[in-house]
Amino acid sequence: MIFFVGVDIAKFKHDCFIYDETVNPMKDSFSFTNDLVGFSTLLLIFNFLKDKGKIKTIF
């Protein structure tokens, strides 16, 4: 399975959307802050997804 992650970069927060190769959303779109806490949250999600397949990131 391949997961596509789209990230809209901004100064204080970033918006993210994740869908799979069949274009099914894996999670509702969400925001994460531009700091250690926000990126740690995103990393937890990536770690969960990488156990299930490959991740392609689009910025």
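Our structure is the block above this text.
Rules used in this analysis
Residues numbered from 1 in each chain as written. Predicted model: local features only at pLDDT ≥ 70, side-chain atom pairs only at ≥ 80, totals over all residues. Heavy atoms only, no water. Helix = DSSP H or I, 4+ residues; strand = E, 2+ residues; numbered from the N terminus. Rg over C-alpha atoms; globule rule 2.2 N^0.38 Å. Buried < 20%, exposed > 50% of the residue type's maximum accessible area, 1.4 Å probe, protein only. Contact = heavy atoms within 4.5 Å. Areas by Shrake-Rupley, 256 points an atom, 1.4 Å probe, with all protein chains shown as cover. Lys, Arg positive; Asp, Glu negative; His and termini not counted. Charge placed at Lys NZ, Arg CZ, Asp CG, Glu CD.

Caption draft 1: Main features of the overall build of the protein. In terms of helices and strands, the protein carries one helix and four strands. N-terminal to C-terminal, the α/β element order of the protein is β-β-β-α-β. Computed over C-alpha atoms, the radius of gyration of the protein comes to 11 Å, within 12% of the 10 Å expected from 2.2 N^0.38 for 59 residues, which places it in the range of a compact globule. Per-residue burial for the protein yields a buried fraction of 24% across its 59 residues. In the protein, the share of contacts with a sequence separation of at least 24, taken over all contacts with a separation of at least 6, comes to 31%. Accessible area for the protein stands at about 4,300 Å²; split by element, carbon and sulfur atoms hold 62% of it. Taking the average location of the 7 positive side-chain charges in the protein and that of its 7 negative ones, the two points are 5 Å from each other.

Caption draft 2: Expanded view of the environment of Ala-10. Note that Ala-10 resides in the loop between strand S1 (2–8) and strand S2 (13–20). Under the relative-accessibility criterion, Ala-10 is labelled partly exposed at 40%. Spatially, the C-alpha atoms of Ala-10 and Thr-33 are 9.4 Å apart, while their sequence positions differ by 23 residues.

Everything listed is a geometric property; what it means functionally is a separate question.
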